[in-house]
Amino acid sequence: MGQLSSFPIATGSNIKSTGSTTARSLPDRLAEIINVRDFGALGDGSHDDTANIQAAMDAAYGTAAAPHGTASVTSNKPVFFPNGAYKTTSAITLRSVRGAHIFGAGRFTTKITN
């Protein structure tokens, strides 16, 4: 994977997505969705991804001790699981979550096992 400096869009540049009327920065666009790989999950089927997935859920919905709940529901972000087999060895804890959106790359390409 190349470094951001080799990316053809200059850091801080605003871009428009296809059909949009408003340009936004690439970091702003990427911050809208929590990707479990950004929190260290490997999805290789053998590595224990439990702590990494929990960290992604905490970033998206708040921790069990301080959930976003109803008052901060607008702070929630979707959580994405790219292609892979994610192994967990204990439960993932979510508390007082409203409006959660957790999705994978596809029915046959993203798998979570315990």
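If you're wondering where the values come from, they're calculated on a predicted model, not measured in any experiment.

### Description of unusual backbone geometry
Of note in the backbone geometry, serine 96 takes a positive phi value of approximately 55° without being a glycine. With respect to the helices and strands, the residue serine 96 is situated in the loop between strand E6 (84–87) and strand E7 (102–104). Judged by relative accessible area, which is 43%, serine 96 ranks as partly exposed.

### Structural notes on the sheet that holds strand E8 (residues 110–113)
Whenever strands of a sheet pair, they do so through backbone hydrogen bonds, lying parallel or antiparallel. Ordered by their spatial adjacency, 3 strands build an open sheet running E4-E6-E8, and the pairing between neighbours is parallel. Strands with a single pairing partner mark the edges of an open sheet, and in this sheet they are strand E4 (44–48) and E8. In this sheet, adjacent strand axes meet at a mean angle of 20° when their direction is disregarded. Bridge count for E4 against E6 is 2 bridges, and the pairing is parallel. By the bridge assignment, aspartate 48 is partnered in E6 with lysine 87.

### Notes on the nonpolar core
One finds Ile34, Val36, Ala41, Ile53, Ala56, Met57, Ala60, Tyr61, Val79, Phe81 and Tyr86 forming the largest nonpolar core, which totals 11 residues. Broken down by secondary-structure element, the contributors of at least two residues to this core are helix H2 (50–61) and strand E5 (79–81). Here the element with the most residues in this core is H2; it accounts for 5 residues. Excluding residues within four positions of it along the chain, isoleucine 53 makes contact with Phe81, Tyr86, Thr88 and Ile92.

### So, the packing of aromatic side chains
For the structure on display, the rule yields 2 aromatic pairs. Taken together, a centroid distance of 5.2 Å and an interplanar angle of 80° make the contact between phenylalanine 81 and tyrosine 86 edge-to-face. With relative accessibility at 3%, the residue phenylalanine 81 sits in the buried group. When its relative accessible area of 0% is taken as the criterion, tyrosine 86 is described as buried.

Cut-off values and rules
Here the residue numbering is sequential within each chain, running from 1 through the sequence in written order. For this predicted model, a pLDDT threshold of at least 70 governs which residues receive local features, and a threshold of 80 or more governs which side-chain atom pairs are given and counted, while totals over whole chains, interfaces and linings are taken from all residues. Computation of side-chain values covers all heavy atoms of the structure but excludes hydrogens and water. Each helix is a run of DSSP H or I of at least 4 residues and each strand a run of E of at least 2, with the numbering of both proceeding from the N terminus. Type-normalised accessible area, obtained with a 1.4 Å probe on protein chains alone, sets the label of each residue: buried when under 20%, exposed when over 50%, and partly exposed for intermediate values. If DSSP finds at least two bridges between two strands, the strands pair. Between the N-to-C directions of two axes lies an angle of 0 to 180 degrees, each axis being a line fitted to C-alpha atoms and, for a helix, fitted only over the stretch in contact. We call a set of buried residues a nonpolar core when its members are Ala, Val, Leu, Ile, Met, Phe, Trp, Tyr or Cys and they connect through side-chain atoms within 4.5 Å of each other. Whether two residues are in contact is decided by their heavy atoms: any pair within 4.5 Å suffices. Between the rings of Phe, Tyr and Trp (Trp by its six-membered ring), a pair exists once the centres lie within 6.5 Å; its type follows the angle of the planes, with under 30 degrees stacked, over 60 edge-to-face, and the other angles tilted.

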